[in-house]
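# Summary of structural features
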Amino acid sequence: MLQVQNIEKYYGSKNNVTKALDRVSFDVEAGEFLAIMGASGSGKTTLLNCISTIDTISAGKILLNGVSVADLSEHELAKFRRERLGFVFQDFNLLDTLTIEENIGLALSLNHQDPGTVQNQVREVAGRLGITDILTKFPYQVSGGQKQRAACARAMVAGQSLLLADEPTGALDSKASKNLLEIMTAMNRDMGATILMVTHDAYSASYAKRVLFLKDGRVFNELLRGERGRPVFYHEILDVLAALGGDVSDVI
Amino acid sequence: MCWQRWGVMSVTLSKLSLRNAKRQAQDYLVYFVTVVMAAALLYSFNALTFSQEINTLAQSMEMLPAMVAMATVVVVCVFGWLVAYATKFMLLRRGRELGTYLLIGLENRQVARLFFLENLAVGGCALALGTVLGGLLYQAFRALTLALFKQPYRFSFGFSLPALGLTAVCFGLIYLFALGRSRKYIRKAKIHHLIYFDRLNEGVVIQTRKKRRWIFGASILLGVVGTGLLMVRDLAIATAGAGCLILFLFGFFLSFASGVPAFFDKRPARKYRGVTLLVFRTLTAKLATMGVLMATISMIFTATILSEGSGLVFQGLFEGRAAENACFDLYLGVGDGRDPTVYTDYIEENIPVERSLEYQVYLSGGHTVRDYIESQTVYYYFNFVQEPVLRWSDYAALRSIAGYRAVELPEGQYLFHCMTYLEDALKSYDRPLTFGDITLQPGGVYTEHLSQSGGTVNGRGYILVVPDEAVEGLEVHHWAYVAKTAQPVTRAQFYDLWDINERTSSGIASNAITTRANEEAEVATQTALCVFPLFYLALSLTMTAATILTIQQLSESERYKRQFSLLQKLGMNRREMAKALRTQFAIYYALPAVPPVLIGAPFILHLASLPEPGVMVGMSSPLSIVTISLGIFFLIYAIYILLAYTSLKRNVLPQ
């Protein structure tokens, strides 16, 4: 579904170039749940921004369903983002002037869906994610976990094929984090959602089927969960992080 | 040691103040420009009142300082409110920064002093710039006033020290009031409150939805009733109407924000159409917390439109009345069979005349035309019991003296000369008229000004023009005299003629004395006395209200920026974002302007239709006055909207 081919990303001027991504390549299959891990400054958010077309790459190619995102015009990019991509951010990024229902419905509204069906579609997704009770509330009236579930609902309500999550549990307590990760797992398992999650938290990454480790802008390692249980996979992730050379506490 | 420390600290504080003042000027450029304009307006009008040249243009112009002073009191209050509002607004927006100063060890009084100094610096700059600009503006007003009085204008830039002093006093009052309040606030402020102010939810005045809906309905009713009462010709009832309108505006804006979500909640399909959701939610979130402010702004706009409309109605009234009477250099109408030679003797001795005409206005003996006019028009004010009649030869001479083109009177016909408002009615009059044994057919209608507004003039609104032989045997209504003079009749000559009038008659009702020069001077004086202060007021009010709206809108830049950044990530393209911003902008700025237009337009229409017919015509017709009043208002308003929109679009839409 997603092919990242030798992408590079440079920042800065001629005399002071910072290489944020260095020949990064990987594929994501449809229905996969992939986590990208790395310490602060390893390039994981830059990678996510490039995939989500918010940022541009300096070299290489990103293909989504065979379409190179670099070849798309501004108008096509906007269309691409609203039709194919769903976003979940660390700080929720819900609009505080809209109710939860309206925040979710916004994705459909932007997609020019029939306005008459929006409310029903929102209610259906909200039912699956267990947030029907809070639909009429404003973001400041609900908990962090509920906000993040609303963000998940917004990310998938319009039938987006790829859900990009940037540190989705970063602002949540452990209980809310666990709840959200279970929901994301269910979305992946039951609804066939393809998820690409950037995180520095080994516990969150252990919910994924595959983990890519970034260090200094390069893919350092790759770990597949296979048939192993989540706790085992979690410890394996910790081992890799230790091998990354940094202090394990940096990434836990 | 202690002095040294204080010295170092005050230098640091001064630097900090200067830097903050500069930054503040950038953040609130629109506000700064308005304050500069306020200083310019205050200075220019003060300079007008202190100008000997202006105040001696006409006797009544001595009233100008008093009229402008009254307007200035209101203007100082209005600008005082603006500065106080904007200062408090900026203070709260900078709460975190000021709180941090307290946190690092500055005392409340030092922070208050810092804030005071930087605002004083901004105010001082505005005053200095405004005075220079005001000097130029004064030249424009001076040129306009001299042109009104048909006096030559010569550019001479200079400063009036008394005007400068008065402007400084006004500005001092405005700033001391605003800064005094802020100083008091900071001196009592707690660190926690300042730092976390931006996290506080803004207060909503009316909490329950049901109550808001009830108030919304009642306010609409009050608005309709109030507008109706405002037009009743009774001061007590009109005042009650104004009270209803104030209640309407506050009720409407305090309850409006609740009505819109309720409307969309019932119609989800409409809510999710296009950019509606974003626009309505952004607006209602803002309006829910600024209902009182919106109502105040709407009230200011109403006062603005009414001031502009009234100013234009007065100007139209003065000009309309004067135009009818200013068609001859000198006109005398002497009724009740009095001896006109006392006037003509004076004129012969004192006023050089190029051409003159003595004539009589006759009565036809019937009133069929008048009856017809009364049946055709809504209003006809008459002094003549019978039809007023002029001899053709007198009429032709009158036209010639007035400088109008020559016309023909075909044999066996009569003409009408009337004010424009009777033209259509008289054109449709097709009946013959009989004078003795002469029967005449209608021959045409002419409508140039011919001194037709009064008792002893050329008819009231209309006069019949008949062949000379037809007036034989008709009763004389009054004697009249017109002259084309070599020089305009002076003010002294005009007053001499009135003195003769008062000496020789028991009253002035039966006689008419008008001169072109006096009529024009009257128009100029009345315009300067009534229209200038009203427009001064209107301009100040519009600027104040538009600035507050703009400050409110621009202060949300950061929130809008975050919102549009998210929307971009969600796939909204720039064109749609611009459309959402534009729509939201249009509604935000239209909302406080709609009630004033709905109140102002019928009121001005009504006010402009009150003067006698024939006066408010052409550019001064009621409809034209409404259009011009609204045009001027929206022109000034549009400048602010455009400034705010371009600034916001540049700052908040992703590139």
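This one's a predicted model, so the numbers in the text were calculated from it and none came from an experiment.

What follows covers a negative patch on the surface. Residues and elements named next belong to chain B. A contiguous patch of negative charge, built from Asp339, Asp345, Glu348 and Glu349, is present on the exposed surface. Considering the arrangement of structural elements, one finds Asp345 in helix 14 (residues 341-350). Note on Asp345: relative accessible area 42%, which makes it partly exposed.

This model, assessed by the stated rule, comprises 23 salt bridges over all chains. One salt bridge connects B:Glu53 with B:Arg142, and the closest N-O pair in it is separated by 2.8 Å. Here B:Arg142 lies in helix 6 (residues 108-148) and B:Glu53 lies in helix 3 (residues 52-55), a separation of 89 residues in the sequence. Across the salt bridge formed by B:Arg516 and B:Asp329, the nearest N and O atoms sit 2.8 Å from each other. Of the two residues, B:Arg516 sits in helix 19 (residues 516-554) while B:Asp329 sits in the loop between helix 13 (291-325) and strand 1 (330-334), which places them 187 residues apart along the sequence. Given a relative accessible area of 15%, B:Asp329 falls into the buried group. Here the salt bridges do not stand alone but share partners, grouping A:Lys19, A:Asp22, A:Arg23 and A:Arg218 into one network.

Turning next to the pairing of strand 6 (residues 85-88) of chain A. All names here are of chain A. Residues Leu85 and Phe87 line one face of strand 6 and the alternating positions Gly86 and Val88 line the opposite face, and both faces are buried. The sheet contact formed by strand 6 and strand 7 (residues 162-166) spans four bridges and is parallel. Within strand 7, the residue paired with Val88 across the bridge is Ala165.

With that out of the way, let us pick up the interface of chain A and chain B. In this complex, chain A contributes 29 residues to the contact, which on the side of chain B involves 25 residues. For the pairing of chain A and chain B, the buried interface totals around 2400 Å² over both sides, and the portion due to carbon and sulfur atoms is 62%. The largest per-residue losses of area from chain A upon contact with chain B belong to A:Thr97, A:Glu102 and A:Leu110, which jointly make up 22% of the total buried on that side. Applying the counting criterion to the chain A and chain B interface returns three salt bridges. Where chain A touches chain B, the interface holds nine residue pairs in polar contact (both at pLDDT 80 or more). Looking at the side of chain A that touches chain B, the elements with two or more residues in it are helix 2 (74-84), helix 3 (100-110) and helix 4 (115-129) of chain A. For the side of chain A that touches chain B, the per-class residue count stands at twelve nonpolar, nine polar and eight charged.

Right, let's get into the packing of helix 20 (residues 557-569) of chain B against helix 23 (residues 622-652) of chain B. All names here are of chain B. At a closest axis distance of 9 Å, the pairing of helix 20 and helix 23 adopts a crossing angle of 50°. Classified by the angle their axes make, helix 20 and helix 23 are oblique. Helix 23 is crossed by helix 20, and the crossing has right-handed handedness. Side by side, helix 20 and helix 23 meet where Ser557, Tyr560, Lys561 and Phe564 of the first sit next to Leu648, Asn651 and Val652 of the second. Of the residues contributing to the contact of helix 20 with helix 23, the split by class is four nonpolar, two polar and one charged.

Quick notes on the rules
- Residues numbered from 1 in each chain as written.
- Chains lettered and ligands numbered in written order.
- Predicted model: local features only at pLDDT ≥ 70, side-chain atom pairs only at ≥ 80, totals over all residues.
- Heavy atoms only, no water.
- Patch = residues over 30% accessible without salt bridge, like charges linked within 9 Å, V, L, I, M, F, W, Y side chains within 5 Å.
- Areas by Shrake-Rupley, 256 points an atom, 1.4 Å probe, with all protein chains shown as cover.
- Salt bridge = Lys/Arg side-chain N within 4 Å of Asp/Glu carboxyl O.
- Lys, Arg positive; Asp, Glu negative; His and termini not counted.
- Charge placed at Lys NZ, Arg CZ, Asp CG, Glu CD.
- Helix = DSSP H or I, 4+ residues; strand = E, 2+ residues; numbered from the N terminus.
- Buried < 20%, exposed > 50% of the residue type's maximum accessible area, 1.4 Å probe, protein only.
- Pairing = 2+ DSSP bridges.
- Contact = heavy atoms within 4.5 Å.
- Buried area = accessible area lost by both parts, 1.4 Å probe.
- Polar contact = N/O pair within 3.5 Å; in protein donor to acceptor, adjacent residues only side chain to side chain.
- Nonpolar A, V, L, I, M, F, W, Y, C, P; charged D, E, K, R; others polar.
- Axes fitted to C-alpha atoms, helices over the stretch in contact; angles between N-to-C directions.
- Parallel < 35°, antiparallel > 145°, perpendicular 65-115°, else oblique.
- Left-handed = near helix turned anticlockwise from the far one by under 90°.

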